[in-house]
Amino acid sequence: MTHAGRGDDRHGLMDRREWLRLGATGAAALGLPACAARDGDEPSAADIPPLRTPAGTGDADWDDVRAHFLVEPGKAYLNNASIGMPPREVVDAVAAGYRAIAELPARGRSDLSARIAEHVVPGLADLFSVETDELTLTRNASEALHLQSIGVTLSPGDEVLITSQEHPAGRRPWEFRQVREGIRVNEVFIPSPLPPEGEILSRFGDAITPRTRAVAFCHVTRGGHLYPVEAICGLARERGLVSLVDGAQAVGQFSVDLTSLGCDAYSVSLHKWMLAPAGTGFLFVRRDARDRIRTAFAPDATPEQPQFGPPGTAAFPVRAAIGTAVDFVATLGLEAVEARCRFLSDHLKSRLTEMSGTSGVTLLSGARDRSAPGSTIFEKEGLDAVAAVAAIEASISSHIDEHQRDGHNAIRVSTHIYNTTEQVDRFVDALARTTG
Ligand SMILES: Cc1ncc(COP(=O)(O)O)c(C=O)c1O
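So, a few notes on the structure that sits alongside this text. (Residues numbered from 1 in each chain as written. Predicted model: local features only at pLDDT ≥ 70, side-chain atom pairs only at ≥ 80, totals over all residues. Heavy atoms only, no water.)

Moving on, we come to the overall build of the protein. Looking only at helices and strands, the protein has 13 helices and 13 strands in total. A compact globule built from 436 residues would reach a C-alpha radius of gyration of about 22 Å, and the protein, at 22 Å, matches this within 12%. Dimensions of the protein, computed from the C-alpha atoms along their principal axes, are close to 65 × 60 × 35 Å. Here the protein holds 436 residues, and the buried ones make up 56% of them. Counted over contacts in the protein with a minimum sequence separation of 6, partners at least 24 positions apart contribute 72%. Put simply, the protein shows about 17,300 Å² of open surface, and 51% of that area lies on carbon and sulfur atoms. (Helix = DSSP H or I, 4+ residues; strand = E, 2+ residues; numbered from the N terminus. Rg over C-alpha atoms; globule rule 2.2 N^0.38 Å. Buried < 20%, exposed > 50% of the residue type's maximum accessible area, 1.4 Å probe, protein only. Contact = heavy atoms within 4.5 Å. Areas by Shrake-Rupley, 256 points an atom, 1.4 Å probe, with all protein chains shown as cover.)

Below is the structure:
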């Protein structure tokens, strides 16, 4: 797959590798001073080990990578599924972008726009195996989900099938259309813990009616359950339905090939597992689905010029810094990221399983083929999840999340590459002590 303009430095901007190399002083990429350090103890960019793919999955293998993150000393951040922690290179790139705007706005905008067109979008297209013109940058997954949902051509009385585990961002655009346009939203109940693939498919199959026109579902649910996305898209294709996927919790934890998934549209958060700055995401619309999914904005759009992007000025310093996050993740390699995330969540799962006999802990996350690498959910008998999250944060400064949904009173722990087994152990020990 080739991308016009890739690696080309016509606009005087540095290429993607160079931006990453200088990213620790991020501003250097635009010839600017780095943003101020938080405190005197923070290592300077020169002290940060160069980023490379770690040799193994253990904590020591990832020490050098961990040095690229700015987490507050003494805190353990185990809530990456909520919002991710961008590395210092990304933080510095955002600051550099805003500085460029502050120094000469029109030039800053033009340089950053060129970087987005020539480096950010091609970088994302490579990472997710699509063509550049199939991607539209958005502010987050919610915006992309809204655009993909309102873009589907539907008539009053047409039906859309969603699942019981959808995030409000995946549900509300359809409810909006139900109220405004008289379409009907049907919901297929998908149990948690997740049943085997065959049962999920037959639940979908049974819920499709002659009026169903589209199916919309998560790749990875908020609780970290991994839906059999290729198989569901295959079923949708067989039945002549548009398939729309919420990938907010999927990208950045493992490799995703959007072309071979077979979906018509896919919506992404880049500020969770992809470690990009807050306020970033994208919408993918497969080229040959442009007859069924259309822009909500441009009267002159055509399948060749689909114009999915919301008009107007975007936060282009933030968007330009997506390229730094893409380089960061691509340098590590998504296979290595997945293996490291699995290593940590396997450790957590085995500690929780040990506790199940004595402390009334029930693991709700399934086997590897049914759970995402980084998110784990479980319940503890007699424990209110919301109260427990606050108590654990207060006692050991570990940030986790509650998962009081899908019929559960559960806790979600979402570990990323920079967490450690020591942090997981500290959390499990605190959980054992927490009651009520
Ligand atoms: C499954 C799922 N979809 C969509 C979203 C919304 O993502 P964003 O905040 O990027 O709009 C989230 C956020 O947690 C999510 O978990």
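It is worth spelling out the site of the ligand at this point. By nearness alone, 13 residues border the ligand, and S142, D246, Q249, S269 and K272 come closest of all. Between the ligand and the protein, one listed contact pairs an oxygen atom with a side-chain N or O atom of S269 at 2.4 Å. At 2.6 Å, a side-chain N or O of K272 approaches an oxygen atom of the ligand. The greatest single-element share of the shell around the ligand, amounting to 3 residues, is contributed by helix α5 (residues 141-150). Residue classes in the shell around the ligand are distributed as 4 nonpolar, 6 polar and 3 charged. (Near = heavy atom within 4 Å. Polar contact = N/O pair within 3.5 Å; in protein donor to acceptor, adjacent residues only side chain to side chain. Nonpolar A, V, L, I, M, F, W, Y, C, P; charged D, E, K, R; others polar.)

Spatially, 7 strands are ordered β2-β8-β7-β6-β5-β3-β4 in an open sheet, and the strand pairing comes out mixed. Each edge of the open sheet carries a strand with a single partner, namely β2 (135-138) and β4 (184-188). Mean inter-strand twist for the sheet, computed between neighbouring axes without regard to direction, equals 20°. In the sheet, strand β3 (residues 159-163) pairs with β4 via 5 bridges, with the strands oriented parallel. Each bridged residue has a counterpart across the sheet, and for T163 the counterpart in β4 is V188. Each of β3, β4, β5 (212-218) and β6 (242-246) touches helix α6 (residues 168-181); the most contacted strand, β4, lies at about 145° to it. (Pairing = 2+ DSSP bridges. Axes fitted to C-alpha atoms, helices over the stretch in contact; angles between N-to-C directions.)

Reading across from one edge, β9-β10-β13-β12 is the order of the 4 strands in this open sheet, with antiparallel pairing throughout. Every interior strand has two partners, whereas the edge strands, β9 (361-363) and β12 (401-403), have only one. Ignoring which end each strand starts from, the neighbouring axes of this sheet average 35° apart. Relative to strand β13 (residues 410-414), β12 is paired through 3 bridges, and the arrangement is antiparallel. Note that in β13 the partner of E402 across the bridge is I411. Set on the sheet, helix α11 (residues 334-359) makes contact with β9, β10 (375-380) and β13; between it and β9 the angle comes to about 140°. The strands that helix α12 (residues 385-396) touches are β12 and β13; relative to β12, the one it contacts most, it runs at about 170°.

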